[in-house]
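The chain contents come next:
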Amino acid sequence: MAALSLTLSTPLHFPKSLRSLPLLVLLRRPLSPPPMPLLRRRPISITRSFSSTSATTSVSDTEKAKFGVKERLEWVTRTALCGELGEGDVGRRVRLCGWVGLHRVHGGLTFINLRDHSGTVQATTLPDKFPHAHDMANELRLEYVVALEGLVRLRPSESVNELMKTGKIEVAVEHVQVLNVVRSKLPFLVTTSNEAKDAVKEEIRLRYRCLDLRRHQMNSNILLRHKVVKLIRRYLEDAHNFVEIETPILCRSTPEGARDYLVPSRIQPGTFYALPQSPQLYKQMLMVSGFDKYYQIARCFRDEDLRADRQPEFTQLDMELAFVPLEEMLKLNEDLIRKVFLEVKGVELPNPFPRLTYAEAMSRFGSDRPDLRFDLELKDVSDVFLNTEFKVFADSLAIGGIVKALCVPSGANVYSNTALKKGDIHNLAIRSGAKGLPFLKVSNDGGLEGPPALVSSLGPAQKENLLSRCSAAAGDLILFAAGDLKAVNRTLDQLRVWLAHQLGLVDLSRHSILWVTDFPMFEWSDSEQRLEALHHPFTAPNPEDMEDLPSARALAYDMVYNGVEIGGGSLRIYKRKVQERVFEILGISTVQAEAKFGYLLEAFDMGAPPHGGIAYGLDRLVMLLAGANSIRDVIAFPKTTTAQCALTHAPSQVDPQQLRDLAFSTDTQQQE
């Protein structure tokens, strides 16, 4: 940075109260400095003297104004948008601004596809009438930023492009102005990358995200996200009188659930804020405050190991309502999601949504977010093998385990014995936690084939019972899992989904949406050796189960679309005594509860109304609506799977002084 030396002929005197304020010095320069040429290749060497108003720029003569580009910044007024021109504009003189998406020379003419946010239009040069514009157009390169002026005309009939919205017209270029050039080699081509045979690696796309977001698909995804959020806001506010209220980002740490992101306080040394994992407690206190219907497009943060559909910072649609019973809560949310799907995708979802209890979903599908676009169901066959001699099943049943089966139609003809013992399907079962993959095949004559020990353990009655229970026919494959109920469901759930996609059993034209209800309040944690809240500690128990809270059902509900949870919520506890009983079951003492959640318990004592709410993962919902494979494709600037920003290289080291201000020191500083 250039140093500024300032000499004053007359001393300046300030009042004592202003002496600590920074001094702002304005150097007056001419209103219209001489234009400076923008170079295409070599960097500009600039030497400036602050004692003079002149500026000297070292450039070569051949580089000066090659494109008529001035170094001064210019804001050009456009008179039309590229993607909105049509036959009705023929004969209209327009000025367009955008990026060069395609550039080709044919038959002595230069053709440019000019792209802006609205779409693309073809521009054509007229070398005889406007030779300067033609010469300028020939020098353009992909992704140059330009302004083109010309006359809209019909394309020749043989040149009409029905695949383009503007394919029946073109702009005859009379003037070309280059607003900015591309100085480095593009890491990938914007215009053709959507259709490229070799897809651009995601790490490259994330590194050059500004370029990636110019691509049509990515641009459409972000605009779709905007449309969804706008639609949600209008529906909640205009149709149901919701109020949008922002809640704090700097919060108190409540270490229940995922790990918090912590922010040290400089003003209060040794103390920390936490970034919110959700606005849960704030929105409940807003209900106590008398706000009837709250919503927020909320930013949330969780310091957890990432998966393909998770980000350290994410966005959710957060809602909370007072004096709303369960059925009204579900109906309002069904109406909202039906409207979103209808207006965004043109899809009519059922009215009302189907429902499954948690117990039924786990029993039939092994998952609390089942995909119902295919019919594969799990069957409990523990009673069939009650006195079996097959050791794997006998040992599991002896310690209170379970045996479940999954029948795969025509699977016997698809998967060989070797594949079932060593192939992908076997490896998937092992990765899910199973020790092996027992199986049986139904032969054409109705007999059973498979591991001899398993086949021989079945008598005629057991065999008939098994085939009937599984609705198995000739050519079918029956897969088994045995052991702890949770482990068995996990294995067969993963096999069910994998097989359905492998065998083409998923009806891609269907839209499977449903509620899963009646979740357990608590689940056992093997690692913690205690009960944990299945949703969160503030979920209300079913009034019918109040006498046995540890095994109570929760008034909780999850919305599932095509096997993906897109939203979840519950009615809330709003009485202090009930909340304290739940804390006690979770192993949170009275003292701990007061220290962590005293402000909420205090609010309950001030007249808290019955209330409940829900939160939707907005990133995930938009991903499904866009048909994208990753939530990173619907977030403008996402983090990588290692929680880093490839564009800005965050997180990064900071200036040591910043750490000293916070009373922190790094290991390196301590060693020094």
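Each chain has its residues counted from 1, running along the sequence as written. Local features in this predicted model are restricted to residues of pLDDT 70 or higher, and side-chain atom pairs are both shown and tallied only at a pLDDT of 80 or more, whereas totals for entire chains, interfaces and linings draw on every residue. Excluded from the side-chain calculations are hydrogens and water; all other atoms, namely the structure's heavy atoms, are used.

1. Some words on the side chain of Asp260
- A run of DSSP states H or I qualifies as a helix once it reaches four residues; a run of E qualifies as a strand once it reaches two. Both are numbered from the N-terminal end. Structurally, Asp260 can be placed in the loop between β8 (243-244) and β9 (262-264).
- Per-residue accessibility, obtained with a 1.4 Å probe over protein chains only, is compared with the maximum for each type, and a residue is labelled buried under 20%, exposed over 50%, and partly exposed between these values. We score Asp and Glu as negative and Lys and Arg as positive, and we do not count His or the chain ends. Any carboxyl oxygen of Asp or Glu that lies within 4 Å of a side-chain nitrogen of Lys or Arg is treated as forming a salt bridge with it. Here Asp260 sits buried without a salt bridge, and the closest side chain of opposite charge, Arg302, lies 7.9 Å off (N-O distance).
- Between N or O atoms, a polar contact is any pair within 3.5 Å; within protein, one atom must be a potential hydrogen donor and the other a potential acceptor, and residues adjacent in sequence are included only when both atoms are from side chains. A polar contact is formed between the side chain of Asp260 and the backbone nitrogen of Thr254, at a distance of 3.5 Å.
- At 2.5 Å, the side chain of Asp260 forms a polar contact with the side chain of Gln277.

2. Side note on unusual backbone geometry
- With an omega dihedral of 0°, the bond running from Asn351 to Pro352 counts as a cis peptide bond.
- With respect to the element layout, Pro352 can be found in the loop between α6 (326-345) and β13 (355-357).
- Phi at Asn562 is positive, roughly 50°, even though this residue is not glycine.
- Topologically, Asn562 is positioned in the loop between β22 (556-561) and β23 (564-571).
- Look at Ala663: it is not a glycine, yet its phi comes out positive at around 65°.

3. What about the sheet that holds β13?
- Taking strand neighbours across the sheet as the criterion, the eight strands line up as β8-β11-β12-β24-β23-β22-β19-β13 in an open arrangement whose pairing is mixed. With partners counted over all chains shown, the strands left at the sheet margins are β8 and β13, one partner each.
- Bridge count for β23 against strand β24 (residues 611-617) is five bridges, and the pairing is antiparallel. Opposite Gly567, over in β24, you have Tyr616 as the bridge partner.
- Helix α7 (residues 358-365) contacts β13 and β19 (513-517) of the sheet and is inclined by roughly 85° relative to β13. DSSP calls a pair of strands paired once it identifies at least 2 bridges connecting them. Working rule for contacts: check all heavy atoms of both residues, and any pair within 4.5 Å makes them a contact. Whenever a helix is involved, its axis is fitted only over the stretch in contact; in every case the axis is a line through C-alpha atoms, and angles between N-to-C directions fall within 0 to 180 degrees.

4. Topic: the layout of surface pockets
- In this structure, the second largest pocket encloses a volume near 720 Å³.
- Any residue with an atom within 4 Å of a point lines the site, the site being either a cavity, points on a 1 Å grid over the protein atoms alone where a 1.4 Å probe fits but cannot get out, or a pocket, an open set with protein on both sides within 12 Å along at least 5 of 7 lines. As for the second largest pocket, its lining consists of 27 residues, and the residues nearest its centre are Arg115, Asp116, Gly119, Thr120 and His216.
- Among the secondary structure elements, those contributing two or more residues to the lining of the second largest pocket are β3 (93-106), β4 (109-116), β5 (119-125) and α4 (216-240).
- In terms of residue count, the dominant contributor to the lining of the second largest pocket is α4 (four residues).
- Residue classes follow a fixed rule: Ala, Val, Leu, Ile, Met, Phe, Trp, Tyr, Cys and Pro count as nonpolar, while Asp, Glu, Lys and Arg count as charged, and any other residue, Gly among them, counts as polar. Among the residues making up the lining of the second largest pocket, the classes are represented as seven nonpolar, 14 polar and six charged. Grid points are joined across faces, edges and corners, and a volume is the space filled by probe spheres set on the points.

5. Examining the pairing of β24
- Counted residue by residue, β24 has six buried out of seven residues, so it is predominantly covered.
- Summarising the sheet, strand β12 (residues 313-322) and β24 pair through seven bridges and their orientation is antiparallel. In the strand pairing of β24, Glu320 is matched with Gly613.

6. Looking at the packing of aromatic side chains
- Aromatic pairing here means that ring centres of Phe, Tyr or Trp (its six-membered ring) are within 6.5 Å. Orientation follows from the plane angle: under 30 degrees is stacked, over 60 is edge-to-face, and everything else is tilted. Evaluated as defined, the whole model comprises eleven aromatic pairs.
- Centroid distance Phe390 to Phe393: 4.8 Å. Interplanar angle 85°. Geometry classified as edge-to-face.
- Residue Phe393 is classed as buried on the basis of its relative accessible area of 0%.
- Where Trp515 meets Tyr557, the ring centres are 5.9 Å apart and the plane angle is 90°; that geometry is what we call edge-to-face. With Trp515 in strand β19 and Tyr557 in strand β22, this pair connects stretches of sequence that are 42 residues apart.
- With a relative accessible area of 0%, Tyr557 lands in the buried category.
- Connected via pairs of aromatic rings, a cluster forms that spans Phe385, Phe390, Phe393 and Phe480.
- For a lysine, the NZ atom is tested; for an arginine, the CZ atom; a charge sits over a ring if that atom is within 6 Å of the ring centre and within 35 degrees of the ring normal. Just above the ring of Phe111 sits the side chain of Arg104; from NZ or CZ to the centre is 4.6 Å.

7. Remarks on the state of the cysteines
- For this text, the term disulfide refers to a pair of cysteine sulfurs within 2.5 Å. Taken as a whole, this structure holds zero disulfides when the rule is applied.
- Here Cys210 stays free of any disulfide, with the sulfur of Cys645 as its closest cysteine sulfur at 9.8 Å.
- For Cys210, a relative accessible area of 51% translates into the label exposed.

8. Concerning helix α5 (residues 280-288)
- For α5, the tally of buried residues reaches eight of nine residues, placing the bulk of the element in the interior.
- Looking at the buried residues of α5, the elements they touch are β11 (293-301), β12, α15 (590-604) and β24.
- Phi turns positive one or two residues past the end of α5, at Gly290, with a value near 100°.

9. A word on the sheet that holds strand β15 (residues 402-408)
- Reading across the sheet, the five strands line up as β14-β15-β18-β16-β17 and stay open at both edges, with antiparallel pairing between neighbours. Whereas interior strands pair on both sides, the edge strands pair on one side only; in this sheet they are β14 (378-380) and β17 (448-449).

10. With respect to the packing of α4 against helix α16 (residues 618-626)
- The geometry of α4 relative to α16 is characterised by a closest axis approach of 10 Å and an angle of 120° between their N-to-C directions. Classified by the angle their axes make, α4 and α16 are oblique. The two elements α4 and α16 cross, and the hand of that crossing is right-handed. Contact residues: Asn221, Leu224, Arg225, Val228, Val229 and Ile232 in α4; Leu618, Asp619, Val622, Leu625 and Ala626 in α16.
- Split into classes, the residues belonging to the contact of α4 with α16 amount to eight nonpolar, one polar and two charged. Note on angle classes: values under 35 degrees are labelled roughly parallel, values over 145 roughly antiparallel, values of 65 to 115 roughly perpendicular, and the remainder oblique. If you view the pair so one helix is near and one far, a crossing is left-handed when the near helix is turned anticlockwise from the far one by less than a right angle, and right-handed when it is turned clockwise.

11. Concerning empty space enclosed by the protein
- Under the counting rule described, the total for this entry stands at two cavities of 30 Å³ or more.
- Taken as a whole, the second largest cavity spans an internal volume of roughly 30 Å³.
- What lines the second largest cavity is simply Leu206, Arg209, Phe637, Pro638, Cys645, Ala646 and Leu647.
- When the residues that make up the lining of the second largest cavity are grouped by side-chain class, the tally is six nonpolar, no polar and one charged.

12. Quick notes on the nonpolar core
- Val228, Leu236, Leu317, Met319, Leu336 and Ile337 are the most contacted members of the largest nonpolar core, which has 77 residues in total.
- Of all the elements, α6 adds the most residues to this core, at eight residues.
- Counting residues in hydrophobic clusters, the runner-up holds 24 residues, among them Ala80, Leu85, Leu148 and Val152. Residues belong to a common nonpolar core when they are buried Ala, Val, Leu, Ile, Met, Phe, Trp, Tyr or Cys residues joined through side-chain atoms within 4.5 Å.

13. What about the confidence of the model for the protein chain?
- The predictor rates its confidence in each residue with pLDDT, a number between 0 and 100. Per-residue confidence for the protein chain gives a mean pLDDT of 89; residues scoring 70 or more make up 87%.
- Within the model, the stretch residues 1-61 combines pLDDT values under 50 with 61 contacts to residues more than four positions away or in other chains.

14. Section: the side chain of Gln579
- In this fold, Gln579 is placed in helix α14 (residues 576-585).
- Residues in contact with Gln579, not counting those within four places in the same chain, are Pro537, Phe538, Ile573, Leu601 and Phe604.

15. With respect to the pattern of salt bridges
- Tallying each qualifying case throughout the model produces 38 salt bridges.
- The partner of Lys331 in a salt bridge is Asp335, with the nearest N and O atoms 3.0 Å apart. Residue Lys331 and its partner Asp335 are located together in helix α6, separated by four residues, close to a single helical turn.
- Note that Asp335 is salt-bridged to Arg338, the shortest N-O span being 2.6 Å. With a gap of three residues between them, Asp335 and Arg338 both fall in helix α6, about one helical turn apart.
- Taking relative accessible area as the criterion, Asp335 reaches 22% and is therefore assigned partly exposed.
- Accessibility expressed as a relative area gives 13% for Arg338, which makes it buried.

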